[in-house]
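Tertiary structure, described
Residue-level listing of the chains:
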Amino acid sequence: FDRSGPGLRLTPAGERYLALIEPAVAAIGRATTMLGADPDRVTLATSHSMATHWIAPRMARLKQEEGIDLDVVPTRDPDILRSGEAQLALWGGVEIADFHAEPIIDVDARPVCAPRLADGRAGPESEAALTDYPLLGVREPHDMWNRWLAGAGLAGERSIRSFATLGMMYEAAAAGMGVALAVPMLCERPLAAGLLAPCGRALPTGERYRLYRAGRRAARSPAETRLMHWLKREATASRARFDALSA
């Protein structure tokens, strides 16, 4: 400290030291809070689209069926688990070597579009006709369209209009901007409402939703284990609904 003035202030060396230790001090504070936390409260990190379109509509039922109070943090930043701010994360399109990962659901994708596009055209009548329509995608994972097209025998470079989230992409597709790839869990509502209709086959993408936790953490708590099994059941039911709606 610099004590030469009327009060205390950090020296340049002290400021550098504080910047280095501040994240660790914050992590200790979070860990201390978690030790005294409600054993039936779980903090889950997930994508913004998953949090808004799939998790949030199920939170009340999760509380009724499993007694779990769920806090949701919309992020795909792995440091939220490393710091202890969240106990678990539900993510697709990522693989993190130093985390424990429990598979939840494999992801197939199917092209969908509005019954009539903004330019007045109806949707494509065949998969081959997809090349004549604007294709809508997301930034992460960025190559899902390339994988789907390769699986359909339509490999080749295509121009893809990318959106920040799946939710934004589906809204744009429902507004007639182009053809998007629908995936289970996140596209049930627009399909059920008739805002989007299938225009191609469901094909594997190689993606998988996983439930992650930090590798250095102890075994899952009872509430975390109940949440994992509940998520697996809900995801399986969502995939069955998706298959029925997009058949």
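Coordinates for the structure precede this section.
Attention here is on the structure that accompanies the text. All of these numbers come straight from a predicted model, not from anything done at the bench. (Residues numbered from 1 in each chain as written. Predicted model: local features only at pLDDT ≥ 70, side-chain atom pairs only at ≥ 80, totals over all residues. Heavy atoms only, no water.)

Examining the environment of glutamate 234
- Mapped onto the fold, glutamate 234 is located in helix 8 (residues 222-245).
- A sequence separation of 129 residues divides glutamate 234 from isoleucine 105, and the C-alpha atoms of the two residues are 10.0 Å apart.
- Setting aside anything within four residues of it in sequence, one finds glutamate 234 in contact with Trp54, Arg58 and Arg61.
- Here arginine 61 takes part through its side chain, which lies 2.8 Å from a polar atom of the side chain of glutamate 234. (Helix = DSSP H or I, 4+ residues; strand = E, 2+ residues; numbered from the N terminus. Contact = heavy atoms within 4.5 Å. Polar contact = N/O pair within 3.5 Å; in protein donor to acceptor, adjacent residues only side chain to side chain.)

With respect to the packing of aromatic side chains
- Overall, the coordinates contain three aromatic pairs when judged by the stated rule.
- When the centroid spacing of 5.9 Å and the interplanar angle of 40° are considered together, the rings of tryptophan 91 and tyrosine 212 count as tilted. Here tryptophan 91, found in strand 3 (residues 88-92), pairs with tyrosine 212, found in strand 9 (residues 203-214); they are 121 residues apart in sequence, far enough to count as distant. Here tryptophan 91 matches tyrosine 212 in class, with each residue buried.
- With a centroid separation of 5.9 Å and 80° between ring planes, the pair formed by tryptophan 145 and tryptophan 148 is classed as edge-to-face. With tryptophan 145 and tryptophan 148 both in helix 5 (residues 144-151), this residue pair falls three residues apart, about one helical turn.
- An aromatic cluster is built from Trp91, Phe99 and Tyr212, whose rings are joined through pairwise contacts.
- Here the guanidinium or amino end of arginine 121 rests over the ring plane of tyrosine 133, the centre of that ring lying 4.0 Å away. (Phe/Tyr/Trp six-rings, centres within 6.5 Å; stacked < 30°, edge-to-face > 60°. Buried < 20%, exposed > 50% of the residue type's maximum accessible area, 1.4 Å probe, protein only. Lys NZ or Arg CZ within 6 Å of the ring centre and 35° of its normal.)

Geometry only, nothing functional implied.
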